[in-house]
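As a plain string of letters, each chain reads:
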There are 2 protein chains.
Amino acid sequence: MDLQGLRKWHRRISGELDSVVAFWLQHSHDEEYGGFFTCLGQDGKVYDDLKYVWLQGRQVWMYSRLYRKVPRFQRPEILQAARAGGEFLLQHGRVALPSQKCAFVLTRDGRPVKIQRTIFSECFYILGLDELGRATGESRYQREAQTMMEAIVRWVREDPSELGRPQLAGAAPHDSMAVPMMLLNLVDQLSEGDGEAASQFNELGNWAAQRILMHVQKNGTAVLENVSEDGKELPGCLGRQQNPGHALEAGWFLLRHAQRQQDSALRSQAVEKFIKQPFHSGWDPEHGGLFSFQDVDGLCPTQLEWNMKLWWPHTEAMIAFLMGFADTQDQELLELFDQMAKYTFDKFHDPEAGEWFGYLAQEGKVALTIKGGPFKGCFHVPRALYMCEDILETLIRETESKSGK
Amino acid sequence: MDLQGLRKWHRRISGELDSVVAFWLQHSHDEEYGGFFTCLGQDGKVYDDLKYVWLQGRQVWMYSRLYRKVPRFQRPEILQAARAGGEFLLQHGRVALPSQKCAFVLTRDGRPVKIQRTIFSECFYILGLDELGRATGESRYQREAQTMMEAIVRWVREDPSELGRPQLAGAAPHDSMAVPMMLLNLVDQLSEGDGEAASQFNELGNWAAQRILMHVQKNGTAVLENVSEDGKELPGCLGRQQNPGHALEAGWFLLRHAQRQQDSALRSQAVEKFIKQPFHSGWDPEHGGLFSFQDVDGLCPTQLEWNMKLWWPHTEAMIAFLMGFADTQDQELLELFDQMAKYTFDKFHDPEAGEWFGYLAQEGKVALTIKGGPFKGCFHVPRALYMCEDILETLIRETESKSGK
């Protein structure tokens, strides 16, 4: 791809970011209770008013980040909605004070409906509140994020009992890649532009990166979602499970960490093992798109949606390829970005009502027409567009300055 | 359909029952620890040795029932495997004695991996052990089933605290149709041929039937999966959720109950509201087959598999139509049986390796090649074949005697 190609994608992605943000601004705000509706039909209409905490935290993050970093989004309505979402989380997210445990889903007015015995609601609570603190300049949001971070690190590294999962004799402890991935993402978030935090979280970041690397198995040929605590393969479906989109997301998390640490060996591992390889094994050669789940030994996965094409692996892949190219100048990665972005815009983008579909059948036909739901909100699509826009700007600037244009 | 049509289906179904039972006899027995492997690939090969308690109980039931009721299956190897499965359940099913709570999944050697905070593992534990007691004549199995039944009734009707679900302010109590359905199915099982048990469970059976009837909503035009405790519609996706296969299964549970109670009004409700109507609204007019989930207001469901075609709604529909026809002599039901059985044999049956596929994409293409997994075992397919064979035999006999053939 040449300069013209980069400019073309930059224009398309910028326009799409405007359109996607407009969709959420128009349809998702709960003016009465604060926070966001995320169960939105094709045309944006609310079909359920439940508030999923992952998606509340993610939208607070997205709005705050856009406000803080992208001049054209520095608009009062965006910050005000982010703040109303942050206040909703502060008021209702934690369900059994003084415990740090958060709900998974709340009623519209903030009463808990369900609690998951994992760390993820809490992770997105941190992500949203830390970024809101940066956007508003109010330290109380970041203080709350910091306190929650301490709880999560304690649950993961010392004592998970507060999560409420029973210890069962047949459930061997194992490392699910999502856990160190989230921690690495949070280290990235909390360390930005803060030397003190960066050194505070340095060891945790390295620990999380090493845990993620344990998931490279099968003589370095595959990323497995679950491994034993000491980095060995596990038996059964759990041990053979692969999630190409997750590996690609871990790839760009690792790449950012490697850049911060100036660790060139890790940069290369991130690109080769977590970005290129999962793409090549996870891409559907028949119909295009990334499979949702695979079995590393080629058996049939047990997840019903294994061959469906979900939006988020594709948006993560766009980020991973473009960030990988910016880091390595490896043309293959730029071509992969082009291939992935074409497929993604062609299949997921909804030219009729805006925003993107989330769930396609294997052949690429839209299977669910919803724009948001229990797991899809204002996050993966605008995050990818925002990050790709940013990287493309840098690439265009560099190419122009090299070529004197 | 005429006598010849009935005979043709009887032949096909009997042959298929032989073949399906042979598949499980060949591939699923754990000779070392007892119990059954249910994670079986297309050719029957074990791809995971976890033991899901629902499927252990169901296979014990299926083997014991076939042994007890169908002369050609009265074979020692079948009873021996059922007994080994029952002993496995007795030894490992309950995970925290003296609590009655069962595991959801166990390791091959019986250590608990996961516990669900619902009643279903326990329900299939009862189903299997009661039938094993009938097949072996050993009352200790039925005594254990009886004790577990008391616990379940207590959890459902008096105090759910032993299930371990937290009481959350936003989670309004509601009636999920699966719960009274399971209770009605268990009343049917425990009452068979036992006047004392039948009168003991009479009130419970009527209660469960009334709870199921509460799920007829929208002026009698739809069966909803979840309603409030007092039989009102619930808001959101939860309230609008429909599951056509579940309604059809409830239909034949209700029909059997109505027959036992000689309740002709209930017989008609079972046929009209739970059998015909869910078929007409749940059948995919474009590609055939029953949808897995629907939204009663025509919105897009949030279940990723909503438009996939799963084996069990189709096997339940075969039973419901044939039982409905035997009860009413309504020719429409016989035609529906013919239509459903044709689709089901055509799409789910695997002529290559035997047994049936479980999961098709909307268009009818096999999406998962597994023959068994965490939710599919030796149950819905052979139960439907066994019950349809039995009903067809009666219908053929009656038709022959009427026509003097």
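What counts as what
Residue numbers restart at each chain and count upward from 1, following the sequence in its written direction. In the order they appear in the text, chains get letters beginning with A and ligands get numbers beginning with 1. Per-residue local features are limited, in this predicted model, to residues with pLDDT of at least 70; the limit for side-chain atom pairs, both in listing and counting, is 80 or more; totals at the level of whole chains, interfaces and linings are taken over all residues. Side-chain descriptors were evaluated using all non-hydrogen atoms of the structure, hydrogens and water having been removed beforehand. UniProt positions are given in the numbering used here, feature names are shortened, and annotations may be inferred rather than shown by experiment. Here a strand is any run of E in DSSP of at least two residues, a helix any run of H or I of at least four, and the numbering for each starts at the N terminus. Using C-alpha atoms as the atom set, the radius of gyration is obtained and then compared with a globule rule of 2.2 Å times the number of residues to the power 0.38. By the convention used here, residues are in contact when the closest approach between their heavy atoms is within 4.5 Å. The accessible surface values rely on the Shrake-Rupley method and a 1.4 Å probe; as for residues, cover is taken only from the protein chains in view. Counting rule for charge: Lys and Arg are taken as positive, Asp and Glu as negative, and neither His nor the chain ends is counted. For this purpose, a charge sits on NZ of Lys, CZ of Arg, CG of Asp or CD of Glu. Comment: axis = line fitted to C-alpha atoms, over the contacting stretch for helices; angle = value between 0 and 180 degrees taken between N-to-C directions. Roughly parallel means an angle under 35 degrees; roughly antiparallel, over 145; roughly perpendicular, 65 to 115; everything else is oblique. Each helix crossing is assigned a hand: it is left-handed if the near helix lies turned anticlockwise from the far helix by less than a right angle, otherwise right-handed if that turn is clockwise. Least-squares superposition aligns the copies on the C-alpha atoms of those residues with pLDDT at or above 70 in both. Computed with a 1.4 Å rolling probe, the buried area is the accessible surface lost when two parts are put together, summed over both parts. What counts as a salt bridge is simple: a side-chain nitrogen of Lys or Arg found within 4 Å of a carboxyl oxygen of Asp or Glu. Per-residue accessibility, obtained with a 1.4 Å probe over protein chains only, is compared with the maximum for each type, and a residue is labelled buried under 20%, exposed over 50%, and partly exposed between these values. For this analysis, a polar contact is any N or O atom pair within 3.5 Å, provided that within protein one partner can donate a hydrogen and the other can accept it, and provided that sequence-adjacent residues contribute only side-chain to side-chain pairs. Buried residues of nine kinds, namely Ala, Val, Leu, Ile, Met, Phe, Trp, Tyr and Cys, make up a nonpolar core once their side-chain atoms join them within 4.5 Å. Note that a disulfide, as used here, is simply two cysteine sulfur atoms within 2.5 Å. The rule is short: rings of Phe, Tyr and Trp, with Trp giving its six-membered ring, pair when the centres are within 6.5 Å, and they are stacked under 30 degrees, edge-to-face over 60, tilted in between. At least two bridges found by DSSP between two strands are what make those strands a pair.

An unreviewed UniProt entry lists chain A under the name N-acylglucosamine 2-epimerase, with Anolis carolinensis given as the organism. The record held by UniProt for chain A lists under Subunit (unreviewed entry) the comment "Homodimer. Forms a heterodimer with renin and inhibits its activity." Note on chain A: under the UniProt heading Catalytic activity (unreviewed entry), the record states "an N-acyl-D-glucosamine = an N-acyl-D-mannosamine".

Colleague: How would you summarise the overall build of chain A if you had to cite specific residues and measurements?
Modeller: What chain A contains, in helices and strands, is 14 helices and 14 strands. Its C-alpha radius of gyration of 20 Å places chain A within 12% of the 22 Å reference for a compact globule of 405 residues. If you line up chain A on its principal axes, its C-alpha atoms span 55 × 50 × 45 Å. Of all intrachain contacts in chain A linking residues separated by at least 6 positions in sequence, the fraction that spans at least 24 positions is 65%. Split by element, the accessible area of chain A, about 15600 Å² in all, is 48% carbon and sulfur. Computed over 44 positive and 55 negative side-chain charges, the separation of the two mean positions in chain A equals 1 Å.

Colleague: How would you summarise the packing of helix H2 (residues 53–69) of chain B against helix H4 (residues 120–136) of chain B if you had to cite specific residues and measurements?
Modeller: Residue and element names in this part refer to chain B. One way to put it is that H2 packs onto H4 with a least axis distance of 7 Å and a crossing angle of 25°. As summarised for this structure, H2 and H4 are arranged roughly parallel, according to the angle between their axes. Where H2 crosses over H4, the two elements pack in a sense that is left-handed. Residue-level contacts link Val 53, Trp 54, Gly 57, Arg 58, Val 60, Trp 61, Ser 64, Arg 65, Tyr 67 and Arg 68 of H2 to Phe 120, Ser 121, Phe 124, Leu 127, Gly 128, Glu 131, Leu 132, Arg 134 and Ala 135 of H4.

Colleague: Quick rundown of the relation of the copies chain A and chain B? Include the residues and the values.
Modeller: By a simple turn and slide, chain A fits onto chain B: the slide is 0.0 Å along the axis, the RMSD is 0.0 Å, and the turn is 180°. Seen this way, the second copy is the image of the first under a two-fold rotation axis. No C-alpha of chain A lies nearer the rotation axis than that of Glu305(A), which sits 3.4 Å from it. Take the interface residues of chain A: 100% of them recur as interface residues in chain B, which is what a same-surface contact looks like.

Colleague: Talk me through the interface of chain A and chain B; I want residue IDs and the actual numbers.
Modeller: Contact with chain A, which involves 38 residues of that partner, is made by 38 residues of chain B. The junction of chain A with chain B conceals about 2800 Å² of combined surface from both sides, 63% of it contributed by carbon and sulfur atoms. If you sort the residues of chain A by the area they bury against chain B, Tyr47(A), Leu168(A) and Leu304(A) come out on top, with a joint share of 20%. For Glu363(B), the salt bridge goes to Lys365(A), with nearest N and O atoms at 3.2 Å. When contributions to the side of chain A that touches chain B are tallied by element, the ones reaching two or more residues are strand E2 (46–48), strand E5 (112–114), helix H9 (236–240) and strand E14 (366–368) of chain A. Counting residues per element, the side of chain A that touches chain B draws most heavily on H9(A), at 4 residues.

Colleague: I'd like to hear about the side chain of His215(A), residue by residue, with values.
Modeller: Residues and elements named next belong to chain A. Within the element layout of this structure, His 215 appears in the loop between helix H8 (202–213) and strand E7 (216–217). Its relative accessible area of 0% is what places His 215 among the buried residues. A polar atom in the side chain of His 215 sits 2.7 Å from the backbone oxygen of Leu 224. Beyond its immediate sequence surroundings of up to four residues, His 215 is in contact with Asp 175, Ser 176, Met 177, Ala 222, Val 223, Leu 224, Glu 225, Asn 226 and Val 227.

Colleague: So what's going on with unusual backbone geometry? Which residues, and what values?
Modeller: Residue and element names in this part refer to chain A. In this chain, Leu 97 is followed by Pro 98 through a cis amide linkage whose omega measures 5°. Within the secondary structure, Pro 98 is located in the loop between helix H3 (76–92) and strand E4 (105–106). Of note, Lys 218 is a non-glycine position whose phi angle comes to about 55°, a positive value. Looking at where Lys 218 falls in the secondary structure, it is placed in the loop between E7 and strand E8 (222–223). For Lys 218, a relative accessible area of 27% translates into the label partly exposed.

Colleague: If you had to explain the side chain of Gln241(A) to someone new, which residues and values would you point to?
Modeller: Residues and elements named next belong to chain A. Along the chain, Gln 241 falls in strand E10 (residues 241–242). A distance of 3.4 Å separates polar atoms of two side chains, one belonging to Gln 241 and the other to Gln 303. Beyond its immediate sequence surroundings of up to four residues, Gln 241 is in contact with Leu 224, Glu 225, Asn 226, Phe 293, Gln 294 and Gln 303.

Colleague: How would you explain the nonpolar core if you had to name every residue and give the values?
Modeller: Counting 138 residues, the largest nonpolar core has Met149(B) and Phe321(B) as its most contacted members. The contact partners of Phe321(B), leaving out residues within four places of it in the chain, are Leu248(B), Ile275(B), Phe279(B), Leu333(B), Leu336(B), Phe337(B) and Met340(B). Residues Leu106(A), Met182(A), Leu310(A) and Leu360(A) belong to the second largest nonpolar core, which totals 136 residues.

Colleague: Just give me the short version of the state of the cysteines, but keep the residues and values in it.
Modeller: All names here are of chain A. Enumeration according to the criterion identifies 0 disulfides over all chains in this entry. Left without a disulfide partner, Cys 102 is nearest to the cysteine sulfur of Cys 123, which lies 9.8 Å away. Judged by relative accessible area, which is 0%, Cys 102 ranks as buried.

Colleague: So what's going on with the packing of aromatic side chains? Which residues, and what values?
Modeller: All names here are of chain B. Using the criterion set out here, one finds 40 aromatic pairs over all chains in the structure. Relative to Phe 345, the ring of Trp 9 lies with its centre 5.5 Å away and its plane at 50°, an arrangement referred to as tilted. Of the two residues, Trp 9 sits in helix H1 (residues 3–27) while Phe 345 sits in helix H13 (residues 331–347), which places them 336 residues apart along the sequence. In terms of burial, Trp 9 and Phe 345 fall into one category: buried. Centroid distance Phe 279 to Trp 283: 5.4 Å. Interplanar angle 40°. Geometry classified as tilted.

Colleague: Can you lay out the packing of H4(B) against helix H5 (residues 139–157) of chain B for me, pointing to particular residues and giving the numbers?
Modeller: All names here are of chain B. Where H4 contacts H5, the two axes come as close as 8 Å, and the packing angle between them is 155°. Of the possible angle classes, the one that applies to H4 and H5 is roughly antiparallel. In this structure, H4 crosses over H5, and the sense of that crossing is left-handed. Residues Glu 122, Cys 123, Tyr 125, Ile 126, Leu 129, Asp 130, Leu 132, Gly 133, Arg 134 and Thr 136 of H4 lie in contact with H5, whose contacting residues are Tyr 141, Gln 142, Glu 144, Ala 145, Met 148, Met 149, Ile 152 and Trp 155.

Colleague: Please set out the sheet that holds strand E13 (residues 359–360) of chain B residue by residue, giving values where relevant.
Modeller: Residues and elements named next belong to chain B. What the 3 strands build is an open sheet, ordered E12-E13-E14; its pairing is antiparallel. In this open sheet, the two edge strands, each paired with only one partner strand, are strand E12 (309–310) and strand E14 (366–368). For E12 and E13, the ladder comprises 2 bridges, and the chain directions are antiparallel. Paired with Lys 309 across the bridge in E13 is Leu 360.

Colleague: Lay out the sheet that holds strand E4 (residues 105–106) of chain B in plain terms, naming residues and giving numbers.
Modeller: The strand order E3-E4-E5 (chain B) describes an open sheet built from 3 strands, whose pairing is antiparallel. The open sheet has two free edges, formed respectively by strand E3 (51–52) and strand E5 (112–114) of chain B, since each of these has just one partner strand.

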